[in-house]
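# Structural overview for review
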Amino acid sequence: MKAVRIERITPAEDVCLVDVPIPETRSGWVLIKVMAFGMNHSEKILRLNEIEADYISKPVIPGIECVGLIEDPSDTGFSKGDKVIAMMGGMGRSFDGSYAEYVLLPEHHVFKVDTDIPWDELASVPETYLTAWGSLFECLQLKKGETLLIRGATCALGYAAIDIAKALGCKIIGTTHRESKLGLLNGADLAVLDDGRISEKGLDVDKALDLVGPKSLIDTLRTVKKGGIVCDTGILGGVFELDGFDPIKDIPNGVYLTGYFSNYPTKETVDSIFAFIRENDLHPKYSLCFRFDDIREACIALDEGKAQGKIVVVI
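Report on the accompanying structure.

The rules behind each value
Residues numbered from 1 in each chain as written. Predicted model: local features only at pLDDT ≥ 70, side-chain atom pairs only at ≥ 80, totals over all residues. Heavy atoms only, no water. Helix = DSSP H or I, 4+ residues; strand = E, 2+ residues; numbered from the N terminus. Rg over C-alpha atoms; globule rule 2.2 N^0.38 Å. Buried < 20%, exposed > 50% of the residue type's maximum accessible area, 1.4 Å probe, protein only. Areas by Shrake-Rupley, 256 points an atom, 1.4 Å probe, with all protein chains shown as cover. Lys, Arg positive; Asp, Glu negative; His and termini not counted. Charge placed at Lys NZ, Arg CZ, Asp CG, Glu CD. Pairing = 2+ DSSP bridges. Axes fitted to C-alpha atoms, helices over the stretch in contact; angles between N-to-C directions. Contact = heavy atoms within 4.5 Å. Expected span 1.5 Å × (residues − 1). Core = buried A, V, L, I, M, F, W, Y, C linked by side-chain atoms within 4.5 Å.

Of the regular secondary structure elements, the protein holds 8 helices and 15 strands. Rg of the C-alpha trace for the protein: 20 Å, near the compact-globule value of 20 Å for 315 residues, within the 12% margin. Seen through its C-alpha atoms, the protein measures out along the principal axes to roughly 60 × 40 × 35 Å. Counting across all 315 residues of the protein, residues that qualify as buried make up 54%. As displayed, the protein has an accessible area near 14,300 Å², and 48% of this comes from carbon and sulfur atoms. Of the charged side chains in the protein, 34 are positive and 48 negative; the average position of the first set lies 4 Å away from that of the second.

One open sheet holds the 6 strands; their spatial order is β10-β9-β8-β11-β12-β13, and the pairing between them is parallel. Of all strands in the sheet, those bounded by a partner on one side alone are β10 (190–193) and β13 (256–259). Between one strand and the next, the sheet's axes are offset by a mean angle of 20 degrees, whatever the strand orientation. One ladder, built from 4 bridges, connects strand β12 (residues 224–232) with β13; its direction is parallel. Following the sheet pairing, V230 is matched in β13 by L257. On top of the sheet, helix α3 (residues 126–139) reaches β8 (147–151), β11 (205–210), β12 and β13; it is set at about 145 degrees to β12, its chief contact. Along the sheet, helix α4 (residues 156–168) contacts β8, β9 (171–176) and β11; its crossing angle with β8, the most-contacted strand, is approximately 175 degrees.

On to helix α8 (residues 295–304), then. For an α-helix, 3.6 residues make a turn, and residues three or four places apart therefore share a direction. Within α8, 7 of the 10 residues are buried, which leaves the element mostly enclosed by the surrounding structure. Buried positions along α8 lie against β3 (29–38), α1 (41–48), β14 (288–291) and β15 (311–314). Just beyond α8, the residue with positive phi is G305, at close to 65 degrees.

All right, on to α3 then. The terminal C-alpha atoms of α3, which comprises 14 residues, lie 18 Å apart, in line with the 20 Å expected from a rise of 1.5 Å per residue. For α3, a buried count of 12 out of 14 residues is recorded, marking the element as mostly surrounded by other parts of the structure. Within two residues after α3, Q141 carries a phi angle of roughly 50 degrees, on the positive side.

All right, on to the nonpolar core then. Grouped burial of nonpolar side chains is what soluble globular proteins tend to show. In this structure, I85, L136, L148, I150, L209 and F274 are the most contacted members of the largest nonpolar core, which totals 47 residues. Counting only elements with at least two residues in this core, the list comes to β5 (83–87), α3, β8, α4, β12 and α7 (267–279). Ranked by the residues each element gives to this core, the list is headed by α4, at 7 residues. Not counting residues up to four positions away in its chain, the partners in contact with I85 are C66, V67, H109, V110, F111, V113, L122, P126, V270 and F274. Of all hydrophobic cores here, the second largest spans 45 residues; its members include V34, A53, F290 and F292.

Function-wise, these values are silent; they only describe arrangement.
Set out below in structure tokens:
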């Protein structure tokens, strides 16, 4: 089969397809014929830095999510031909991921879906909607009528969060640090240029989803009103931890801080997401779509930030 396999720092320009054996099935794992997959910022981090870490199983096929058909169910409860999505759980790091024509995955991170969403659109759902859903409902406990701030909203996760929160009946304030991208936030009720001091703009915010991360987190905590919740989910700001963070001084009284880690999806969550998509007639969106033969160009687009949203690859 064709696949991308890396074992050292690999700029997008050096990404290429190679021939590797189709994985052999084993107990508790399923072989999936990959129909499409979404691309993620974490895969860029893997190629350009994280690949050198000891915990990465090298050489490795990247890719933390995919959509496809069960090719060989092994001894699991799946059947050949089942339409499935898969994500996280070590994909593309602890074991080979989805940048391939076939992928062998543990059954507990593979989920059968009943949907007629086309493969290209379906590929924009797994990791993106899982993270948006978990952040909004599990962490922020978002409710109809609340005002939600999405900081760093001009990304695939931001757009998914906007769609879900809008369908729920919330007021949405979206931010971007680039004035040229304000027009991309037409799904939000209010688009705000992020100058690093959102807390000084007098916004009335119940809940906040911070996709910029530690770089903006303290300011976000000062933006929500008393009783509000902030969920730190992204690292778009390029800062991975808070140096000198003082919870007593930096978290305002009566404000709550949480974070969402998407490594443990469940069937209940996946079923809830697809039920919500169906009931609210949502149409998952992507920005750019590439053929698998053009994976190099897809990685260049990812690394250069050319896409205004999700990049998907169709095999």
